[in-house]
2 protein chains.
Amino acid sequence: IPLARTVRCTCITIDDRPLKPRALGKLEIIPASLSCPHVEIIATMKKSDEKRCLNPESEAIKNLLKAVSQKRSKRAP
Amino acid sequence: IPLARTVRCTCITIDDRPLKPRALGKLEIIPASLSCPHVEIIATMKKSDEKRCLNPESEAIKNLLKAVSQKRSKRAP
């Protein structure tokens, strides 16, 4: 008999408001695991340090991820 | 005359060792900003809590990002 597992996801609510890449200070991705059965994506805002849980299924977030990880220095060509 | 800026990147060295998605506890993406001119990707290992700076230009890391953000629950179909 498998032991009962306590689900401990970090995100309680998902914030679906659009998010400007420029306002983003940090993006954390927590893969699905035994403690939480789904991927969690947490954005930390640059100025306010506010944290928001994003919807990993959303196209906007997928594009944000792509944009953020591809962005090179535009100031030093 | 623009003020001199102090570069404060989080990563000092890049770890190019391959990384198993299963061993990954968390992935942090820090977009390029005034304080650091390039994207930084920091992986936190699940068991050891060890942090590693990954190479954002590496194909392996791009695939890891894709894998991690697309992974749904496989245990609860």
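No experiment lies behind these values; they were computed from the predicted model shown.

Points about the overall build of chain A
Broken down by element type, chain A carries 1 helix and 3 strands. Listing each helix as α and each strand as β along chain A from the N terminus yields β-β-β-α. In chain A, which comprises 77 residues, the proportion classed as buried is 38%. Look at the contacts in chain A between residues 6 or more apart in sequence, and 45% of them connect residues 24 or more apart. For chain A, the accessible surface area stands at approximately 5400 Å², while carbon and sulfur atoms represent 56% of it.

Topic: the pairing of strand 1 (residues 24-30) of chain B
For strand 1 of chain B, the buried fraction is high: 5 of the 7 residues fall into the buried class. Two strands pair when backbone bridges link them, and strand 1 (residues 24-30) of chain A and strand 1 of chain B are joined in this way by 3 bridges, in the antiparallel orientation. The partner of Glu28 of chain A across the bridge, within strand 1 of chain B, is Glu28 of chain B. Here strand 1 of chain B runs beside strand 2 (residues 40-45) of chain B; their pairing, made up of 6 bridges, is antiparallel. Residue Glu28 of chain B lies in a different strand from strand 2 of chain B, and its bridge partner there is Ile42 of chain B.

What to know about the pattern of salt bridges
Residues and elements named next belong to chain A. Enumeration according to the criterion identifies 14 salt bridges over all chains in this entry. With its nearest N and O atoms 2.7 Å apart, the salt bridge here joins Arg17 to Asp15. Classification of Arg17 by relative accessible area gives partly exposed; the value is 47%. Classification of Asp15 by relative accessible area gives buried; the value is 17%. Across the salt bridge formed by Lys62 and Glu59, the nearest N and O atoms sit 3.9 Å from each other. Separated by 3 residues within a single helix, Lys62 and Glu59 lie in helix 1 (residues 59-70), roughly one turn from each other. In this structure, a network of salt bridges that share partners links the residues Asp15, Arg17, Glu50 and Arg52.

Re unusual backbone geometry
All names here are of chain A. Despite not being glycine, Asp49 shows a phi value in the positive range, around 65°. Examined against the element boundaries, Asp49 turns out to sit in the loop between strand 2 (40-45) and strand 3 (51-54). We classify Asp49 as exposed; its relative accessible area is 55%.

Things to note about the side chain of Thr44 of chain B
Among the secondary structure elements, Thr44 of chain B is positioned in strand 2. With residues up to four places along the chain from it excluded, the contact list for Thr44 of chain B reads Ala23, Leu24, Gly25, Lys26, Glu28, Asp49, Glu50 and Lys51 of chain B.

So, the confidence of the model for chain A
For chain A, the mean per-residue pLDDT works out to 83, and 82% of the residues sit at or above 70. For the stretch residues 73-77 of chain A, pLDDT sits under 50, and the model shows 3 contacts to residues farther than four places along the chain or on other chains.

Scoring rules and cut-offs
Residues numbered from 1 in each chain as written. Chains lettered and ligands numbered in written order. Predicted model: local features only at pLDDT ≥ 70, side-chain atom pairs only at ≥ 80, totals over all residues. Heavy atoms only, no water. Helix = DSSP H or I, 4+ residues; strand = E, 2+ residues; numbered from the N terminus. Buried < 20%, exposed > 50% of the residue type's maximum accessible area, 1.4 Å probe, protein only. Contact = heavy atoms within 4.5 Å. Areas by Shrake-Rupley, 256 points an atom, 1.4 Å probe, with all protein chains shown as cover. Pairing = 2+ DSSP bridges. Salt bridge = Lys/Arg side-chain N within 4 Å of Asp/Glu carboxyl O. pLDDT = per-residue confidence, 0-100.

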